[in-house]
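Chain by chain, the residues:
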Amino acid sequence: MIFLKLFFSFIQIGLFSVGGGYAAIPLIKEQVVNLHGWLTVKEFYDIVTIAEMTPGPMAINAATFVGIKIAGIPGAFLATFSTVLPSIFIVTALASLLYHKRGPAVGYMERVLYGIRPAVVAMISSAALGLMKIALIEDASIDFLELGLFLLAVYVLRKKKASPMVILVVSGFAFFVLQSVLTFAQ
Amino acid sequence: MKKKEMSLFQIFLSALKLSSITFGGGFVMIGMMERKFVQETEILRSEEMMDIAAIAQSAPGAVAVNAWILLGYRLAGLPGSLIATLGAVLPPLFIIGVLSLIYQQFITSPVVATIMKGLQIGVAAIIVDLVLTLIQAIAGDSRPIDFLLAFAALIALLQFNVPIYMIILIYAALGLWRKK
């Protein structure tokens, strides 16, 4: 039964994730944390973080992680397969339209895409709020060291156009050093 | 245009290789494809790559996987799509598979947990940066209705726990109905 649950859950993730990996975050969370309780909130955001540092799409990474945890290696393969299955149908259908006859389908798709853009912005914002909550709040209050590092990182990203990978590595390392110094000083 | 053929095995290998080395999501993958298939090998024309990019982004699912399905189809039809998909998902499957075993072992270590926390602060900053960019883009389009729609979706999501598929379907229907 667990395999069926994984299958239907990740098929929905594959089918309704639009607008790229960050927009998929709330959808994946809805399925694997809120509905099925396969991961804790902390584990979920750990995966988002790991996915950010490794090659591969967010949804595929989450599928593999959840699949392994819930049903071992067969679970990982099944969850990944379920995630790409809707894409295989939809995108090959679109490909055959594109390469054989350019019909009105492309026009409809553009309008759908245009329509869901605000929803995509909302989903990415929701992912941002969730991550800020897990990254900056400790025991129901804001941690000022974490907040300071976060604001600095946002500033550097916006003003200096730093590469996200550099931001990740530096903030991981900097936080570890600062935290160690603080702990040592106390 | 020179007509060049690629065997299924070559398609599989290219997907496997690019998928192992491409960090940073679907848009980076499209950039890597452009370099390999348009600039280096001249198998595709630049406009073809742009079509692939547009459809990969608009269809549901992971952008990088969608791009490989399209590219595989363009190179070798449906078998090409399937083999490209396999090549694209195997590296993340393998990498995350190994990392998840390591994760279970090491997440209890305070050192690992602290570094993880720092990385999460970085990820939060990256996504907030993206949100700010998106808000600027909507403001630049000067369509206040898009702001309202985005805000309404956010409230629906956070306050009323409206399922995401429902939000997507409603907004897609709105898109078909609204005039551009």
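For the structure itself, consult the block above.
Residues numbered from 1 in each chain as written. Chains lettered and ligands numbered in written order. Predicted model: local features only at pLDDT ≥ 70, side-chain atom pairs only at ≥ 80, totals over all residues. Heavy atoms only, no water.

Visitor: Honestly, the overall build of chain A in this entry has me stumped. Any pointers?
Guide: Secondary structure summary: chain A contains 7 helices and 2 strands in total. Ordered by position from the N terminus, the helices and strands of chain A form the series α-α-α-α-α-β-β-α-α. Across its three principal axes, chain A shows a C-alpha extent of roughly 70 × 45 × 25 Å. For chain A, with 186 residues in total, the buried portion stands at 52%. Within chain A, contacts between residues at least 6 apart in sequence are counted, and of these 58% link residues at least 24 apart. For chain A, the accessible surface area stands at approximately 8500 Å², while carbon and sulfur atoms represent 72% of it. Positive and negative charge centroids in chain A, built from 13 and 9 side chains respectively, lie 14 Å apart. (Helix = DSSP H or I, 4+ residues; strand = E, 2+ residues; numbered from the N terminus. Buried < 20%, exposed > 50% of the residue type's maximum accessible area, 1.4 Å probe, protein only. Contact = heavy atoms within 4.5 Å. Areas by Shrake-Rupley, 256 points an atom, 1.4 Å probe, with all protein chains shown as cover. Lys, Arg positive; Asp, Glu negative; His and termini not counted. Charge placed at Lys NZ, Arg CZ, Asp CG, Glu CD.)

Visitor: Would you take a moment to explain the overall build of chain B for this structure?
Guide: Looking only at helices and strands, one finds 7 helices and 0 strands in chain B. Compactness check: chain B gives a C-alpha radius of gyration of 20 Å against a globular reference of 16 Å for 180 residues, more than 25% above the reference. Reported as C-alpha extents along the three principal axes, the dimensions of chain B are approximately 55 × 55 × 25 Å. Taking all 180 residues of chain B together, 48% fall into the buried category. Taking the intrachain contacts of chain B between residues at least 6 apart in sequence as the baseline, contacts between residues at least 24 apart amount to 50%. Total accessible area on chain B is roughly 8900 Å²; 69% of this is exposed by carbon and sulfur atoms. Distance between charge centres in chain B, computed from 13 positive and 10 negative side chains, equals 3 Å. (Rg over C-alpha atoms; globule rule 2.2 N^0.38 Å.)

Visitor: What exactly am I supposed to notice about the interface of chain B and chain A here?
Guide: Many structure descriptions define interface size as the accessible area lost when the parts assemble. Listed per partner, the contact involves 84 residues of chain B and 88 residues of chain A. Between chain B and chain A, a total of about 7900 Å² is buried, with carbon and sulfur atoms accounting for 77% of that surface. Between chain B and chain A we count 2 salt bridges in total. B:Lys117 serves as the salt-bridge partner of A:Glu138, at 2.4 Å between the closest nitrogen and oxygen. On inspection of chain B and its partner chain A, the count reaches 15 residue pairs in polar contact (both at pLDDT 80 or more). Listing elements by their share of the side of chain B that touches chain A, those giving two or more residues are α1 (8-21), α3 (46-58), α4 (63-106), α5 (110-141), α6 (144-158) and α7 (164-177) of chain B. Looking at the side of chain B that touches chain A, the element that brings in the most residues is α5(B), giving 25 residues. (Buried area = accessible area lost by both parts, 1.4 Å probe. Salt bridge = Lys/Arg side-chain N within 4 Å of Asp/Glu carboxyl O. Polar contact = N/O pair within 3.5 Å; in protein donor to acceptor, adjacent residues only side chain to side chain.)

Visitor: Could you clarify how one ought to interpret unusual backbone geometry in this entry?
Guide: All names here are of chain B. Positive phi values are uncommon outside glycine, yet Glu42 reaches one of about 55°. Mapped onto the fold, Glu42 is located in the loop between α2 (26-40) and α3. On the basis of relative accessibility, which here comes to 39%, the residue Glu42 falls in the partly exposed class.

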